[in-house]
Every structure is written in structure tokens, then in C-alpha cells.
Amino acid sequence: MASQVNGHSSGSDAQGGKSLREDLQEFLGGEALLHELDDLTKVNPVTLETVLRCLQARYAADMFYTSAGCTLVALNPFKPVPQLYSPALMREYHAAPQPQKLRPHIFAVGEQTYRNVQSLIEPVNQSIIVSGESGAGKTWTSRCLMKFYAVVAASPTSLESHKIAERIEQRILNSNPVMEAFGNACTLRNNNSSRFGKFIQLQLNSAQQMTGAAVQTYLLEKTRVTCQASSERNFHIFYQICKGASVDERLQWHLPEGASFSWLPNPERTLEEDCFQVTREAMLHLGIDIPTQNNIFQVLAGLLHLGNIWFADSKDEAQSCQLMDDAKCENKDGGLCISFGHTPREQGSIRTSASLLQLPEDPLLETLQIRTIRAGRQQQVFQKPCSRAECDTRRDCLAKLVYARLFDWLVSVINSSICADPDSWTTFIGLLDVYGFESFPSNSLEQLCINYANEKLQQHFVAHYLRAQQEEYAVEGLDWSFVNYQDNQACLDLIEGSPISICSLINEECRLNRPSSAAQLQTRIESTLAGSPCLGHNKLSREPSFIVVHYAGPVQYHTAGLVEKNKDPVPPELTRLLQQSQDPLLKVLFPMDPEEKSQEEPSGQSRAPVLTVVSKFKASLEQLLQVLHSTTPHYIRCIKPNSQGQAHTFLQEEVLSQLEACGLVETIHISAAGFPIRIPHQNFVERYELLRRLCTRTSPGSHSPSPDEGHSEWSPHTKGATLQPLLQDILHTLPALTQAAATPGDPAEATPVPVHCGRTKVFMTDSMLELLECGRAQVLEQCACCIQGSWRRHRHRKQERQRQAATLIQAAIRSWLARKHIQRMHAAATAIKRTWQKWRIRMAFLASKELDGVQEKHVSQVPLPLGSLLLPQAQTSLLEAIIRLWPLGLVLANAAVGVRGFQRKLVVWACLQLPMGNPSSYAVQTAQEQAGVTSIRALPQGSIKFHCRKSPLPYADICPEPSLHSVTGFNQILLERHSLGHM
């Protein structure tokens, strides 16, 4: 195994590698098919050589994702691949019944975590740990996963909730460019290297819809603001301001074209991340308005001008250091820094910086030049001029303090914009994107903390998947041949162990009230921790240093400046100076707090211990690991094919060192031979007891439960002895499930997948878990169909009963209505019939009276009493009815036949509407009173034959001669009525 120190090879086992290649020569003859292996557990034998060749073959075929058991290996393509991250592909993985059957992808990992949240299997919360070296693609992977969750976790029903979800998703996605602009920088290995760690918590509600997010950051590399290594750059935001600001903004922020700043190296390099407009739009979507943005950029411009302030050595220690000429100043590395202005000192960088920061110029300069000391029990104040190095340190401290507070404020603004109410979300999916393992020619406290964090994450991986799996197999009574794996516990004991470690020694140096010596610190570390196998020493190094053998390789750390960086001292006068600023943003970042002022002046006996950088970072890291331990972790290992960032270039030596460092081969060994799914007996029975229905139906043997037993409910408090028969009944269904899931042409799928029942848990593979879930879904579908059929049958019967009842009610109502109608019709008919019979009888009576007992003369001279002349009541009613129908009576009166005698007289009476009274007052002449038969109609010209019923004459066939003075027809009626009216 090759070992490297700061990127240089120190030795190799050539003989072992040669024998290994000879053993694998026959297998590697089929290298053309290696790119088809999408899971490294299928490679046989599993060695570094075979794994490396498989990854190289897939990388050449533009297949950048490969499964490695429980881990996904992601190769950085170093080129745009749009179709690999399109929304259509996201939806394809989300809609797939089994995403594991598709090609390995980060979307498959994201979909697996999302479905785990939906299944509510403990632990419900999920976390994805993206690890790898700097430049391996961790930031891009996290960004794509956030886009994936924004697509699949947004399915609201109403339009209003859809708009709210879109706004939340957009804010979450817009947090990426803002945090990358203020927290990422260009390094030797990566153009967009994250100089801070972040844990993004995507919050989901009970319906698994994204309601918000929260961002937690770790250890911002704020020293990069004032110090950048050779060929590296400052944070992206400084270059975005200088390249993307408008002419008016440049004039406002004192950033003319061609301006040079000592804290802005390599400005000629143009990167994709130097997009100022994208940052401004993202900030606007997060709720940071344009005036606040301009205020932020004004403060950053003030920091750039602050970096152009240089001090000259003072000839007298009692005098403060004076400023150097702005036109030509010497930086820390001995080079020259050319300023944009050739103005006097009063008009130089100090004035511009004070103007942009809205600080008084003289107090700013005095704070940088003079140090305030409090001594004695009375806390007497002394002022001492600072040396040139101290002045530079105080200037750098001021810039780092402002930038760190600004970064924390931005994170709080982002959280307030995207974080959901605690009552609105129930589960979360965490994305951890931390700095990769770093090893530079010169490594200090920043690299020590970064590599310490990677060691902790590696230990979490080892503890979760390697050591925990093997130990659990042994405890559960499973036959298992242990795999030797690389454990980094010894390295962690060296860094953070108790009672003595590197961190404890550095913190102790910070607590001692004495000047720190780099050589003395090196001696203490080497002498105190000499027994650690992970501690080394480079005897050829001219500078004081020590070597730590990390899991990814040995790294040499220089002790110079280590203690000062760990103290991270902030002089109180710098904080008080910034509190005097009139800038609105600085007033928010540095508020006037009376409690803080009282804490800055403690007595010498009650002084609180200093909280160092290592202590704060260690505490935040422990908190992060507690969150990770409470979730179901998923790992994505990012691999960098080459350190130059070139596409289609696969350097085996560099990839091999990364595979060795991350323990990928040990992971493949255990994942291929082990059982990643472990379910307690109680949870297994609770979830898969439904499968006993299949057992009852498919194999009614001795192990099949009785019908009563199949429907009995299982109590959560059932003892282990009772659980075993239930477990056996469930496991007996697996052959039937395997046979049902196997395809006819694939005998491998029909082979039973091993499932082991331990003392307290059931162990199985992912494929067996999918098989059980399919069987459970089948049973649930059958139960649902049965319930649906029963419900439809019940609903049909209910509807039929309702229809019959409605029919019966309708029939009863119709019968009642018909009876009522018939009764009314019968009553009306009876009344009509009775009236008609009375009228007919009356008419018959009148007719018979007219024919049989008519008198010769109707006009009598003898007056009769009035009462005796009145008609009967029935006749009066009949006459009134006939009078109302006088047109009909008129027709009948003029009819040639049909009405005779008194009937004609009544009709004429009714038609003429003669007044009721004495009949002697008028006279109507009838046919019997004349010599012949006459008619009120005009006499016909021919002969007329009359035949009257009950007439004394058998027939009448005469042609009467009308009188010469008579008028016949309708005129006769009118004349008679007129003559009667005058009588």
C-alpha cells in the first residue's frame, strides 16, 4: 500500500501488487464488460485493482455513478452533463416502482430517503453524508439533491398552497448561490471549494411535502479574508463586486477600474462563480432588498480598502507605527502591492475605509496602532504602541471579525426566510456538505480542524456500517467471518482523546499567560504523545511541525501561529470601535449591549476561561454527530479522477489513494456478504403479519395457521416464545413470494434470498426487503379489493332497499292521489247527474204539462198573487243557467227541429233575458195560438214536414201562409223583444 506525505509518495509494495495482477490476469481479460457492472459488490474478487478498473471503465463510458453496497461512488466528470440532472430524469426516478433497478444515481439515493420518510419506519429522519476530497464534487452533489427534493417533495392540492410551496422551494434553492458567494473560494484543488461546513435540514410535513429548511454552518475559514495561499483566491463575493458592479456602484464604493487590492490576489482569473447578478437576484428572493445589499457590498469594499493599509516599523518603541505610502507598500510575503491611488496619506486607504465603514478616521487609526492594557486589581488602563506585526494583526482581526459577523448574519437571514414553523413539520432529510480532506505544503489550524471533522465522519461510517454490522451479527448468533477494516479510532484518540491529546495541549497553551513558542509546542506534543502510532515527525523539516497519520494519509502541521489562531483574540477596543459606526448594517452586527460591556471588564480573579476555536468546533461537531446518530444515514463518496480538473482523464494513482482512504474495499466486502437490513422481531411481525394470509392460501400445510388464528390480533407485549411461531409463519411465505416474483427466463431470480432470524432481529438484504414489501402490498391490495367489493355490495343492497322503499312510497302516493281524484270526479259526476236528472224531469214535466194540459189563453185578466206567479227555485236556477248561455239558446231557438212548445218559449225567454215578473205583462205567441204553425225564422219557400213528439197530429204537412203584416226571422225576435219592452 502506497503512503503519501503531503501528496508525495514514500514507498510501495511492488511485489504484492505484481502477484495480485498475476492472480487477476484471467479475470481482467474480460475488461470490456466491466462498465456494465453498476454495483461493485458484483466484482469478483473484490480488490483495489478490480474496483479501480471497473470505475475506470465506467468513467470512460460516461457512467459517473456506481453503487458500492450501502454507498454510492460519484466520479466528478469535470464537464457539463445536462441530461444527467434534468427534471425529466428526476421525475423518472421518483415515479419508478423500484428506483434501485435503474442506473445508480444520486437521485436514487434521494428517492430512497424520501420513501423511507414516507414508510415511517424508525428512525424516520434521514441524512445524506456527502464526503470526499476538495474538488471531488460535494457541493454540486448537494445542490442537485436539493433540486431533486424541491421537485419530488412538492405536490400540493390547492393553488394557494402550490404558490407557497413554490416560494419556499425557490428560497431554498436561492440560498445556495448566496452561501457559495460568501463561503466558497478558489483553492489549488477546486475552483469552488467550500470554506465552511454546512448541514441543510429539509423540513417535511405529515404529507411529506417540503415546508421549509434550516442551515447550520461550521467553522468558516475567515482567515482567508486576510491571507490567501499562493495561486489561491479570496471569497467569491469580493471578485463579484469588483467585476460585476456598475459604474455608479464603483464610484459609490470607491472601486475604480484597474484598482489593486492586497487581499484580492489573482483577479485576472475569470471563473463561472464570478456572477454578481445571480447573487443579487438570489439575495432579493431571500428578502434582502436592494438598499441592504448595497450596504453589504459597501462594507465589503471597506474591508478591501482596509487591506491596503500598511504600517512601517517604528524607530522608537514609545512611538506608534506610521502608515506607509499608499503608492507603494510591502506585503507580508515581501512582494509589492500597488494601490490605485497616488494620493497623500490623509486621502488614502485609511480615509476611504473609514468612510465606507462609517467609522471616525482618527479613532480607527488609533485603535490599529495602540493597544489598551488593563492591569492590577483596580483594572488600571494603560496604552502601549503596537509593533508593526501587531498593527497588521489588529487590522486583520478587524476585517475577520466584520466578515464573520456578516456571514453569520446572512445565515440567520436565510434561516428566517426559509425555516418553517416548528409545528408545521414533523420529519426532515439532512444534507451534510463538509470540507474534504486537505493536505497542503503548509497546513495550520484550519486544516487540522477540517481533517479532524473528516476523521469523525469516517468513524461514524465505520461504526455504523463496518464495526456495528459485524458485532451485531456475532451478538445475534449469525455465522460471520470477520473482515479486517481500517479503524481510525487511534487517530481520533491522538487528536481529541482524554486526558491528553493535541487539542488539549493546544488549549492549555492558550490558557497559559505566556508567549507561545512553536518549537516548545512541538516538543510538548512529541514528548507527551510519543506512544501514539498515528503521530510522526519529519526530521528534515526546518520549521517546527508534527505529522498526524490520518485515515486518508499523513499530513504535516506547522506549529507556528497555531496557538494564536486557536485563541482567536478580539481586542475589546475593536468591538467598541465598530459599535461606534453609523452604518446601519454594522449597527446590527455590533449592537450596544450593556451586559457585554460589563463582561469585557471582569476582575482578575473572576476571569472566565477563554473559549478557543478548537473547543467551539469540537462542541458543534459533537452536536452534529448526535443528529446523525438519530437518523438513518446514507453515504455518497465523491471521487476526483484527477487533480487538474480535466475531463476524460482518469489517473489511477490519485483515485487509488482516495479508495484506500475512504475504506471503500472493506465497505464492499461487508456489504456484499452481509445483511444491511435489520428489523426487530416485534416490528417485523407488526408490519408483515399480513403475509400469513398468503401462507394460508398457498401452502395449507402443517405450518399454516387456522382461520381463527389468522384473524387473531397480535399484542405488542407478546413474549419471544409467542413471536417465534408468527415469525416462522411469515418466513414460510417467502418461497411463494420468490417464485411469484421470478421471471420464467431468469432462474437466478427464483433462487431464495437468504434471510436469517437472529435472537432479537431479522436480517435480510435489500432485495428480500423489496420482496416482502411487494407481498405486503399484494395482500393489502387483496384486502382493499375485498373491502371495496363488500362495500359495493353493501351499497348496492342499500340502494336496492331504498329503491324498493321509494317505489312502494310512490305507489302508495299515486294510489291515494288516484282515489282522491276518483272521489272528486265521482262527487262531481254525481252532482252533475243529479242536477241533470232534476232538469230532465223538470223539462219532461213542463213538456207534458204543455202538451196535455195547456190552456187556450195565457193572458188572464184576473190578477194573481205575486207569490203564486213565481217559478220554483229549481226552475229559477235552471233559468239563470240558461240565461248565462243565451247564445246557445239563441241557436236552439232558431233551430229547425228539436225544440217545441214551451221549451222554445223558455229558450226565447232566456235568449232575450226577459225580466222576471208577471207573465201577464207580456205574451209570447206560440204555434198553437195561430191558425197554423209558424216559426220565428224566415219561412221556407218549399213545403216543410213537421213531426212533434206526443203531438195530437200524426204528422203535419202544410205550408202556412204568413200574414202580410208579419216579419219573420231574427228581425221578428228583435221586434217582439222591443214590443215587449214597451208593454
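Position numbers for residues count from 1 along each chain, tracking the sequence in the order it is written. Predicted model: local features are reported for residues with pLDDT of at least 70 only, side-chain atom pairs are reported and counted for 80 or more only, and whole-chain, interface and lining totals are derived from all residues. Each side-chain value is derived from all of the structure's non-hydrogen atoms; neither hydrogens nor water enter the calculation.

A. Highlighting the sheet that holds strand β16 (residues 545–550). Spatially, the three strands line up as an open sheet ordered β15-β16-β17, and their pairing is antiparallel. Single-partner strands in this sheet number two, and they are β15 (535–536) and β17 (553–558). In this structure, β15 lies alongside β16, joined through two bridges in antiparallel fashion. From the neighbouring strand, G536 faces β16, where its bridge partner is I547. Between any two strands, pairing holds if DSSP finds at least two bridges. Elements are defined by DSSP. Helices are runs of H or I of four residues or more, strands are runs of E of two residues or more, and each kind is numbered from the N terminus.

B. Seen up close, the packing of helix α12 (residues 349–357) against helix α13 (residues 361–369). Axis angles are defined between N-to-C directions and span 0 to 180 degrees, where every axis is a line fitted to C-alpha atoms and, for a helix, only to the segment in contact. Where α12 contacts α13, the two axes come as close as 9 Å, and the packing angle between them is 115°. Considered as vectors, α12 and α13 are oriented roughly perpendicular to each other. Handedness of the α12/α13 crossing: right-handed. The segment α12 lies against α13, with I350, R351 and A354 engaging E361, L364 and L365. For this classification, Asp, Glu, Lys and Arg are treated as charged, while Ala, Val, Leu, Ile, Met, Phe, Trp, Tyr, Cys and Pro are nonpolar and the rest, including Gly, are polar. Tallied by class, residues from the contact of α12 with α13 come to four nonpolar, no polar and two charged. Every angle not falling under 35 degrees, over 145, or within 65 to 115 is termed oblique; those three ranges are roughly parallel, roughly antiparallel and roughly perpendicular. Handedness of each helix crossing follows the sense of rotation of the near helix against the far helix: counterclockwise by less than a right angle gives left-handed, clockwise gives right-handed. Should any heavy atoms of two residues lie within 4.5 Å, those residues are considered in contact.

C. Spatial organisation of helix α23 (residues 613–629). In a helix, the anticipated span is given by 1.5 Å times the number of residues less one. For α23, built from 17 residues, the straight-helix expectation of 24 Å at 1.5 Å per residue is met to within 8% by its first-to-last C-alpha distance of 24 Å. Between buried and exposed lies partly exposed: a residue is buried under 20% and exposed over 50% of the maximum accessible area for its type, with that area taken using a 1.4 Å probe on protein chains only. Turning to α23, its buried residues number three or more, namely V613, V614, F617, S620, L621, L624, L625 and L628. Take α23 and look down its axis: the buried residues cluster within an arc of 145°, on one side only. Exposed positions of α23 whose direction lies more than 90 degrees from the buried face are Q626 and H629. The reported arc concerns the directions from the helix axis to the C-beta atoms and nothing else.

D. Inspection of the UniProt feature "binding site: ATP" (unreviewed entry) in the protein chain at higher detail. UniProt positions are given in the numbering used here, feature names are shortened, and annotations may be inferred rather than shown by experiment. Under the UniProt annotation, the feature "binding site: ATP" (unreviewed entry) is placed at G132, E133, S134, G135, A136, G137, K138 and T139. Within the secondary structure, A136 sits in the loop between β5 (126–132) and α6 (138–152). What makes A136 buried here is its relative accessible area of 3%. Residue contacts for A136: discarding those within four places in its chain leaves N76, C638, I639 and K640. By relative accessible area, G137 is classed as buried at 17%.

E. Fine view of the sheet that holds strand β14 (residues 427–433). Taken in spatial order, the seven strands make up an open sheet running β3-β4-β18-β5-β14-β8-β9, and their pairing is mixed. The open sheet has two edge strands, β3 (65–68) and β9 (210–218), and neither has a second partner. When strand polarity is set aside, the average angle formed by the axes of neighbouring strands in this sheet is 20°. Bridge count for strand β8 (residues 197–204) against β14 is seven bridges, and the pairing is antiparallel. By the bridge assignment, L204 is partnered in β14 with T427.

F. Layout of the pairing of β17. Across the six residues that make up β17, a large majority, six, are buried. Looking at chain direction, β16 and β17 are connected through six bridges and run antiparallel. Note that in β17 the partner of I547 across the bridge is Q556.

G. Molecular detail of the packing of aromatic side chains. Stacked, edge-to-face and tilted are the three classes for Phe, Tyr and Trp ring pairs, Trp counted by its six-membered ring, which pair at centre distances within 6.5 Å; planes under 30 degrees apart are stacked, over 60 edge-to-face, the rest tilted. Tallied over the entire structure, the rule returns 20 aromatic pairs. Judged by centre distance (6.3 Å) and plane angle (75°), the ring pair of Y93 and F107 falls under edge-to-face. In this pair, Y93 is assigned in helix α4 (residues 87–95) and F107 in helix α5 (residues 106–119), connecting sequence segments 14 residues apart. The burial state of Y93 is the same as that of F107; both residues are buried. Taking the centre distance of 6.5 Å and the plane angle of 75° together, the rings of W425 and F428 count as edge-to-face. The exposure class assigned to W425 is partly exposed, which follows from its relative accessible area of 23%. Looking at F428, the relative accessible area reads 7%, which means it is buried. The ring of Y239 carries R233 above its face, with NZ or CZ at 3.9 Å from the centroid. Only when the NZ atom of a Lys or the CZ atom of an Arg is both within 6 Å of the ring centre and within 35 degrees of the ring normal do we say a charge sits over the ring. The ring of W310 carries the charged tip of R395 above its face, separated from the ring centre by 4.6 Å.

H. Spotlight on the nonpolar core. Residues enter a nonpolar core if they are buried and are Ala, Val, Leu, Ile, Met, Phe, Trp, Tyr or Cys, with the set joined through side-chain atoms within 4.5 Å. Y149, F182, I296 and L300 are the most contacted members of the largest nonpolar core, which has 126 residues in total. Ranked by residue count, the leading element in this core is helix α14 (residues 388–418), at 15 residues. Excluding anything up to four places from it in sequence, Y149 contacts G110, T113, Y114, I128, L202, M210, I429 and L431. Residues A453, C534, F546 and V563 belong to the second largest nonpolar core, which totals 53 residues.

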